[in-house]
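Summary of structural features
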Amino acid sequence: MTNQFDFSRNLMKVLITGSNGLLGQKLVHKLRIDELVELIATSKGENRISKKTGYIYISLDVTKKEELEKVILSEKPNVIINTAAMTNVDACEDKKQECDALNIDSVRYLTDISEQIDAHLIHISTDFIFDGENGPYSEDDVPNPLSYYGLSKLKSETILLESSCRWTVLRTIIVFGVAENLSKGNIVLWAKEVLEKGEKLNIIDDQFRSPTLAEDLADACILSFQKQKYGVYNASGKDIMSIYEIVERIAKYYNYSTKNLNKISTSTLNQIATRPLKTGFILTKSINELGYNPHSFEECLTIIDKQLKN
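The present account deals with the structure reproduced in this document.

Describing the sheet that holds strand E1 (residues 12-17)
Taken in spatial order, the seven strands line up as E3-E2-E1-E4-E5-E6-E11 in an open sheet, and their pairing is parallel. Edge positions in the open sheet fall to strand E3 (56-59) and strand E11 (231-234), since each of these has one partner strand only. Geometrically, the sheet is characterised by an average inter-axis angle of 20 degrees between neighbouring strands, direction not taken into account. Pairing of strand E6 (residues 166-172) with E11 involves four bridges; the strand directions are parallel. Bridge pairing in E11 links Arg171 to Asn234.

Pasting the structure below:
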């Protein structure tokens, strides 16, 4: 691992892929005001972030190798944070080629380019690389994905593992938060909206997760390059709870009634892709080595509530 970066003297050039997504937007907002960072935000299509200062935006499709090479070899960033991915688990099962292009092939291209320019590549992975038999998981537990999505993310990790570039994999779980013009929703905002209307809700109570505030995951990305930490790190929320409990705690926080909540089991859903039942992560390594410090779920709800009011 050569070319160690000296933060005290140099401006760090950081390129984000998928900057229009939830995590991408949080990274842009945190890094665009950092005087030590020269920021390049990239995503497919137009820039969806209303604040346009403190960074440059380049439209970029990560599945197109020539496009990636042209932009990244021209900009020569010190750090690449790859937040672009296909994360719809059932869609990945149905559209395997599309999933491969975004979750595997693009990571191979980014790895090759990072090797050429000696960039530190930070990549986001998932709890779905595990089968859910023995959660919560540490970084050293053996993966066994149940879905094509989980398999695609495990393959992307393997590409990095076998490369000679400087890399960090951050594994996360159910990322949620508030951002602009998102192409897909997230569980917390969805549950809040439905609870507010008092609609009947069937919620699974036999799947357990550690939902992750997008700001916390963004901090883990930033800590990874600031501290030059390489390898695999868990970066999720700290509370492990059932999907039912997630919704129940949102209801309690906002003082919404839970009388229309109905517990159901995963087996009744007939989902296309198989989900692991219990994941969750052991965060000891990230806390000790990165200084990662995620919020509790109720603290996350307070942050989101303020953002929604603004």
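Here's the deal with the environment of Val89
Tracing the chain through its elements places Val89 in helix H3 (residues 89-94). Overall, Val89 belongs to the buried group, its relative accessible area being 10%. Each C-alpha atom of the pair Val89 and Arg275 lies 8.6 Å from the other, and the pair is 186 residues apart in sequence. In this view, Val89 contacts Phe128, Ser147, Tyr149, Ala273 and Arg275; residues no more than four positions away in its chain are not counted.

Observations concerning the environment of Cys99
Along the polypeptide, Cys99 turns up in helix H4 (residues 96-117). Residue Cys99 is classed as buried on the basis of its relative accessible area of 0%. For the pair formed by Cys99 and Tyr148, sequence separation is 49 residues and the distance between their alpha carbons is 8.4 Å. Every residue in contact with Cys99, bar those within four places of it in the chain, is listed here: Met86, Cys92, Ile104, Tyr148 and Ser152.

Quick look at the environment of His123
Inspection of the secondary structure puts His123 in strand E5 (residues 120-126). The class for His123 is buried, based on a relative accessible area of 1%. Sequence spacing of His123 and Ala251 is 128 residues, and the spatial spacing of their C-alpha atoms is 33 Å.

Overview of helix H8 (residues 243-254)
With twelve residues, H8 extends 17 Å between its outermost C-alpha atoms, agreeing within 8% with the 16 Å of an ideal straight helix rising 1.5 Å per residue. Among all positions in H8, only Ile243, Tyr244, Ile246, Val247, Arg249, Ile250, Ala251 and Tyr254 are buried. In this structure, the buried side of H8 is in contact with helix H6 (187-197), strand E8 (201-204), strand E9 (208-209), strand E12 (241-242), strand E13 (261-264) and helix H10 (297-309). The positive-phi residue at the C-terminal boundary of H8 is Asn255, with phi of around 65 degrees.

Examining the pattern of salt bridges
A side chain with one charge may pair with a side chain of the opposite charge, provided their charged atoms come close. Applying the stated criterion across every chain yields a total of 17 salt bridges. A salt bridge links Glu75 to Lys13; the nearest nitrogen and oxygen atoms lie 3.3 Å apart. Separated by 62 residues along the polypeptide, Glu75 in helix H2 (residues 65-75) and Lys13 in strand E1 bring together distant segments of the chain. Using a relative accessible area of 19% as the deciding quantity, one classes Glu75 as buried.

About the criteria used
Along each chain, the written sequence defines residue order, and numbers are assigned to residues from 1. Reporting of local features is limited, given that this is a predicted model, to residues whose pLDDT is at least 70; pairs of side-chain atoms are given and counted only at 80 or more, and all residues count toward the totals for whole chains, interfaces and linings. The side-chain values count all of the structure's non-hydrogen atoms but skip hydrogen atoms and water molecules. The pairing criterion is simple: DSSP has to find at least two bridges between the two strands. Each helix corresponds to a stretch of at least 4 residues labelled H or I by DSSP, and each strand to a stretch of at least 2 residues labelled E; elements are numbered beginning at the N terminus. Note on method: axes are straight lines fitted to C-alpha atoms, helices fitted across the in-contact stretch only, with angles between N-to-C directions ranging 0 to 180 degrees. Classification of residues uses two cut-offs on accessible area relative to the type maximum, computed with a 1.4 Å probe and protein chains only: under 20% is buried, over 50% is exposed, and between them is partly exposed. Residue contacts are defined here by distance: any two heavy atoms, one from each residue, within 4.5 Å place the two residues in contact. Each helix should span, by expectation, one fewer than its residue count multiplied by 1.5 Å. Just to be clear on terms, a salt bridge is a Lys or Arg side-chain nitrogen sitting within 4 Å of an Asp or Glu carboxyl oxygen.

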